[in-house]
Amino acid sequence: MPTSNIASMPTANLPFGRLLTAMVTPFDAQGAVDHEKAAELAAYLVDEMANDALVVSGTTGESPTTTDAEKADLLRTVVAAVGDRAQVLAGVGTFSTRHTVELAEQAAAAGADGLLVVTPYYSKPPQPALVQHFSTVAEATELPIMLYDIPHRSGAEIATDTLKRLAGHPRIVAVKDAKGNLTESGRVMAATDLAFYSGDDAATLPLLSIGGVGLVGTSTHFTGALAKQMIERFVAGEVAEALELHRRLEPTFTGVFATQGCIMVKAGLELQGRGVGGLRPPMIEATDEQRRTFADVLTSSGLL
């Protein structure tokens, strides 16, 4: 039975469902994109890990080291692999508005259902420049856009007032929230119709409690099915059950970030017998100690 009245809340705006995984990019022994493995991984994430959508060529997908042509080919592979069983978002954000627009147009032509657009990184544009940047990208295609707010990586936040302004654009519909400021996120949700997805796996349950709708995860390569249950139980008002799942999964939610997420995901998939190859420099393989520690984490959560 529900343990709260959360189930009576209005139906959430869910442009991309409840659960998305930022998919790693498989590479073969020569370091080329492995399309066969990519198709297998995408199908696994949708069919067994309960993802409503996948993000291709995010930073977890090592997008800084894949070419534009590789991004387009990989997107087509994943779109074909999941068919109508899930949406596919393309990570297109760069520090150049022109290049981001080019990648957005390329993604639309390759069959993407939506775009993930990160704050232009390193250059730290002022807030009016961010409004111009995101609005220009939103005008480039007919695809819905999820903004990616991750100031500790990009160098600049998308400020509360900026998010409120951007929410007025009909194609800017969601936020991947990795800002780590629930107060400000709550203010944006209270003032707009933007759908907030946690960009920090361990912060999913707290974000749900103030109006968030789901998760764009990294650990969800392993935790997906249970993380989906956690979200659905919270939405159904089964808060105690959701909290129990959060506590069970928290070591994996955080353990996948012992170093960069793509490193630990690839190590974890190999531990599960689902190896997807190595990483492109400057990324490196997980150390033996990191592998052992992560194996213990996965085992303790019942995932290995």
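Calculation notes
- Residues numbered from 1 in each chain as written.
- Predicted model: local features only at pLDDT ≥ 70, side-chain atom pairs only at ≥ 80, totals over all residues.
- Heavy atoms only, no water.
- UniProt positions renumbered as here; feature names shortened; annotations may be inferred.
- Pairing = 2+ DSSP bridges.
- Helix = DSSP H or I, 4+ residues; strand = E, 2+ residues; numbered from the N terminus.
- Axes fitted to C-alpha atoms, helices over the stretch in contact; angles between N-to-C directions.
- Buried < 20%, exposed > 50% of the residue type's maximum accessible area, 1.4 Å probe, protein only.
- Right-handed = clockwise from strand over helix to strand, strands pointing away.
- 1 Å grid on protein atoms, 1.4 Å probe; cavity = no way out; pocket = protein on both sides within 12 Å on 5 of 7 lines; lining within 4 Å.
- Points joined across faces, edges and corners; volume = space filled by probe spheres on them.
- Nonpolar A, V, L, I, M, F, W, Y, C, P; charged D, E, K, R; others polar.
- Patch = residues over 30% accessible without salt bridge, like charges linked within 9 Å, V, L, I, M, F, W, Y side chains within 5 Å.
- Areas by Shrake-Rupley, 256 points an atom, 1.4 Å probe, with all protein chains shown as cover.
- Salt bridge = Lys/Arg side-chain N within 4 Å of Asp/Glu carboxyl O.
- Expected span 1.5 Å × (residues − 1).
- Bend = angle between axes of the 7 residues up to and from the residue.

If you look the protein chain up in an unreviewed UniProt entry, it shows as 4-hydroxy-tetrahydrodipicolinate synthase from Enemella evansiae. The record in UniProt for the protein chain states the following under Sequence similarities (unreviewed entry): "Belongs to the DapA family."

Bringing the sheet that holds strand 3 (residues 87-91) into the picture now. Read around the closed barrel, the eight strands follow the order 1-2-3-4-5-6-7-8; overall the barrel is parallel. Recorded for the sheet is a direction-independent mean angle of 25 degrees between the axes of neighbouring strands. Sheet topology note: the strand 7 (residues 195-198)/strand 8 (residues 214-217) ladder contains two bridges and is parallel. Across the sheet, residue Tyr197 finds its bridge partner in strand 8, namely Gly214.

Here we take up the pairing of strand 7. Burial along strand 7 is two-sided: the residues Ala195 and Tyr197 and Phe196 and Ser198 are all buried. Pairing of strand 6 (residues 172-177) with strand 7 involves four bridges; the strand directions are parallel. Along strand 7, the bridge assignment pairs Asp177 with Ser198. Following the chain from strand 6 across helix 7 (residues 182-191) to the adjacent parallel strand 7, one finds a crossover that is right-handed. Of the crossover connections in this fold, the one passing from strand 7 over helix 8 (residues 204-209) to the parallel strand 8 is right-handed.

Gaps between atoms show up when a probe of the same size as a water molecule is rolled over them. In this structure, the largest pocket spans a volume of roughly 950 Å³. Where the lining of the largest pocket is concerned, the elements lending two or more residues are helix 2 (68-82), helix 3 (97-110), strand 4 (114-118), helix 5 (151-154) and helix 11 (261-271). Here the residues of the lining of the largest pocket are counted per class, giving 17 nonpolar, 19 polar and seven charged.

Together, Phe95, Tyr121 and Tyr122 make up an exposed nonpolar region whose accessible area comes to about 410 Å². On the secondary structure map, Tyr122 appears in the loop between strand 4 and helix 4 (127-140).

Taking 1.5 Å per residue, 16 residues should reach 22 Å; helix 9 (residues 220-235) reaches only 19 Å between its end C-alpha atoms and comes up short. Considering bend angle alone, the principal kink of helix 9 is centred on Leu226 and spans about 40 degrees. Where helix 9 is concerned, the buried positions are Thr220, His221, Phe222, Thr223, Gly224, Leu226, Ala227, Lys228, Met230, Ile231 and Phe234. Gly237 sits one or two positions beyond helix 9 and adopts a positive phi of about 90 degrees.

A separate point is unusual backbone geometry. It is generally the case that most residues other than glycine have a negative phi and that most peptide bonds are trans. With an omega dihedral of 15 degrees, the bond running from Pro281 to Pro282 counts as a cis peptide bond. Topologically, Pro282 is positioned in the loop between helix 11 and helix 12 (288-300). One non-glycine residue, Ala50, lies in positive phi territory at about 65 degrees. Inspection of the secondary structure puts Ala50 in the loop between helix 1 (35-47) and strand 2 (53-56). Residue classification places Ala50 among the partly exposed positions, given a relative accessible area of 24%. Positive phi, normally seen in glycine, also occurs at Glu62, with a value near 55 degrees. Within the element layout of this structure, Glu62 appears in the loop between strand 2 and helix 2. Overall, the relative accessible area of 3% leaves Glu62 in the buried class.

Here the structure, examined in full by the defined rule, presents 13 salt bridges. Taking the shortest distance from any N to any O, the salt bridge between Glu142 and Arg171 comes out at 3.5 Å. You can see Glu142 sitting in the loop between helix 4 and strand 5 (145-149) and its partner Arg171 sitting in the loop between helix 6 (160-166) and strand 6, a full 29 residues away along the chain. In this structure, the salt-bridge partner of Glu157 is Lys179, at a minimum N-O distance of 3.5 Å. Taken together, the positions of Glu157 in the loop between helix 5 and helix 6 and Lys179 in the loop between strand 6 and helix 7 put the pair 22 residues apart, joining distant regions of the chain. On the basis of relative accessible area, Glu157 is assigned to the partly exposed category, the value being 38%. Residues joined in a network through salt bridges with shared partners are Glu139, Glu142 and Arg171.

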